[in-house]
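Residue-level structure breakdown
Listed below are the residues making up each chain.
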Amino acid sequence: MAPARRPTGARLLLAYAGLLAVAAGLGAPEPGAPAGISPRPPPRGSPPPSESSTRQAALPRDPTTEQERSVDPRDAWMLFIRQSDKGVNSKRSKGKARRLKLGLPGPPGPPGPQGPPGPLILPEALLKEFQLLLKGAVRQRQHWEPDPCAQGPAEQAFVSPVPVPATTKEDEDVEGKPALLAEPLALWVPRVEAAFHCRLRRDTSIERRALHELSVYYLPSAEGTFHRGTGLNLTSGQYTAPMAGFYTLAATLHVVLAEHPRRAPPRPRDRLRLLICIQSRCQRNTSLEAVMSLESSSELFTISVNGVLYLQMGQYTSVFLDNASGSSLTVRSGSHFSAVLLGV
């Protein structure tokens, strides 16, 4: 039986399918190669690949290296721009951080442990530090004081400090007081440039109802008496102020009644007035005054007066006794008169 002949269309379909199969076999990728990538055929005229190169080509490639090679710079930059608006750098996080409100403060914590005790400071160390502070204050005051050459003689006499001898031992005590403490304190005391202390040389009689100015004094040589500066007239009993300033003056008189009235007791108006006057004008100028009644006094008594007067340069002061009693009296020798310049 003869085979049946196939139609012409069927033959054409079989031929077309065979061509497709051949084409698919030639274009198949190598094993291990990524899909969609076909190996490039070697160029014409090149030597055939060796066995080692063929084996290396047959090995599977590293996916990480393949990904690094496939990164696009533009895509990486756009990714960086998008990521920069997130996290800490985002505008939302900044706004939230600013709107953050703190809560109420909590209770205070417990006290910490007590520290070690401080060093023990002895009274001697405190005294030494105080002395150093005094020395610094004195030096600063001397630095800011005007130059003595630019001052007058009166100001120089008052401001000049008392010279203090240097001490070799810091812990040396004088009369129970540390020498370092006495030295800076002495620098603050001004030098007294005008002062005197004199006594009446002889007895002086004063008649009743009389105002008498005492005179004829002398400077005693006993310990404790003083005389500094000029202006004292021992004969007239007048002291002339060498400079304008405040003077403290004092007078003490020992009085004896020459005759005591026997017929009648002393009257209340019988009295004595002791005065230190300026320019011998006891009524016109300011004066120091002490009043004593003779009603209950004995035959020998003492009357004193003291105070402060401001004297201009060239003005003098003297002692007066006003006997307003009905009997004469005597001022005994040894009665004294003194004055000291306090300041200007």
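Given the structure is predicted, the values throughout are model-derived calculations rather than measurements. (Residues numbered from 1 in each chain as written. Predicted model: local features only at pLDDT ≥ 70, side-chain atom pairs only at ≥ 80, totals over all residues. Heavy atoms only, no water.)

1. Some details on the overall build of the protein chain
A tally of helices and strands in the protein chain yields eight helices and 16 strands. Out of the 344 residues in the protein chain, the part that is buried amounts to 23%. Counted over contacts in the protein chain with a minimum sequence separation of 6, partners at least 24 positions apart contribute 73%. In the form shown here, the protein chain has an accessible surface area of approximately 25,800 Å², with 58% of it arising from carbon and sulfur atoms. (Helix = DSSP H or I, 4+ residues; strand = E, 2+ residues; numbered from the N terminus. Buried < 20%, exposed > 50% of the residue type's maximum accessible area, 1.4 Å probe, protein only. Contact = heavy atoms within 4.5 Å. Areas by Shrake-Rupley, 256 points an atom, 1.4 Å probe, with all protein chains shown as cover.)

2. Overview of the nonpolar core
By size, the foremost hydrophobic cluster in this structure holds 36 residues, and its most contacted members are Tyr 247, Leu 249, Leu 253, Ile 276, Val 319, Leu 329 and Phe 337. Elements with a minimum of two residues in this core: β3 (195-200), β10 (245-257), β11 (271-278), β12 (288-293), β13 (300-311), β14 (316-323), β15 (329-331) and β16 (336-343). A total of six residues in this core trace back to one element, the largest contributor, which is β10. Among all residues touching Val 319, those that are not within four sequence positions of it are His 212, Glu 213, Leu 214, Tyr 217, Ala 251, Leu 274, Leu 275, Ile 276 and Phe 337. (Core = buried A, V, L, I, M, F, W, Y, C linked by side-chain atoms within 4.5 Å.)

3. Examining the environment of Ser 221
Positionally, Ser 221 belongs in the loop between β6 (217-218) and β7 (227-228). For Ser 221 and Cys 198, which are 23 residues apart along the polypeptide, the C-alpha to C-alpha distance reads 10.0 Å.

4. A short note on unusual backbone geometry
You will see that Val 216, though not glycine, has its phi angle at about 60 degrees, which is positive. Take Val 216: it is sitting in the loop between β5 (210-213) and β6. Note on Val 216: relative accessible area 17%, which makes it buried. In this structure, Ser 280 is a non-glycine residue whose phi angle is positive, near 60 degrees. On the secondary structure map, Ser 280 appears in the loop between β11 and β12.

5. Focus on a nonpolar patch on the surface
On the surface, Trp 77, Met 78, Phe 80 and Ile 81 cluster together to form a nonpolar patch covering roughly 410 Å² of accessible area. With respect to the secondary-structure elements, Phe 80 resides in helix α4 (residues 73-84). With relative accessibility at 51%, the residue Phe 80 sits in the exposed group. (Patch = residues over 30% accessible without salt bridge, like charges linked within 9 Å, V, L, I, M, F, W, Y side chains within 5 Å. Salt bridge = Lys/Arg side-chain N within 4 Å of Asp/Glu carboxyl O.)

6. Points about the pattern of salt bridges
Tallying each qualifying case throughout the model produces four salt bridges. For Arg 209, the salt bridge identified is with Asp 270, shortest N-O distance 3.8 Å. Here Asp 270 lies in the loop between β10 and β11 and Arg 209 lies in the loop between β4 (204-206) and β5, a separation of 61 residues in the sequence. Residues Asp 322 and Arg 273 are paired through a salt bridge, measuring 3.1 Å at the closest nitrogen-oxygen approach. With Asp 322 in strand β14 and Arg 273 in strand β11, the pair connects residues that are 49 residues apart, well separated along the chain. You'll find Asp 322 and Arg 273 in the same group, each marked buried. It is possible to trace a salt-bridge network through shared partners that takes in Arg 273, Glu 289 and Asp 322.

7. Thoughts on the environment of Thr 252
Among the structural elements, Thr 252 can be located in strand β10. Overall, Thr 252 belongs to the buried group, its relative accessible area being 15%. Residues Thr 252 and His 336, spaced 84 residues apart in sequence, show a C-alpha to C-alpha distance of 5.6 Å. Those residues within four positions of Thr 252 in sequence are excluded, and the remaining contacts are Thr 302, Ile 303, Ser 304, Ser 335 and His 336. For Thr 252, the side chain forms a polar contact with the side chain of Ser 304, separated by 3.2 Å. (Polar contact = N/O pair within 3.5 Å; in protein donor to acceptor, adjacent residues only side chain to side chain.)

8. A word on the packing of aromatic side chains
Applying the stated rule across the entire model yields six aromatic pairs. Taken together, a centroid distance of 4.6 Å and an interplanar angle of 40 degrees make the contact between Phe 196 and Tyr 239 tilted. Taken together, the positions of Phe 196 in strand β3 and Tyr 239 in strand β9 (residues 238-240) put the pair 43 residues apart, joining distant regions of the chain. As far as the burial class goes, Phe 196 and Tyr 239 line up, both buried. Through a chain of ring-to-ring contacts, the aromatic side chains of Phe 196, Tyr 217, Tyr 239, Tyr 247 and Phe 337 assemble into a single cluster. (Phe/Tyr/Trp six-rings, centres within 6.5 Å; stacked < 30°, edge-to-face > 60°.)

9. Let's talk about the confidence of the model for the protein chain
Predicted confidence across the protein chain gives a mean pLDDT of 74, with 58% of residues reaching 70 or more. Below a pLDDT of 50 lies the segment residues 31-39, which in the model reaches three contacts outside its immediate sequence neighbourhood of four places, other chains included. Across residues 152-177, confidence stays below pLDDT 50; counting only partners more than four residues off in sequence or on other chains, it has 38 contacts. (pLDDT = per-residue confidence, 0-100.)

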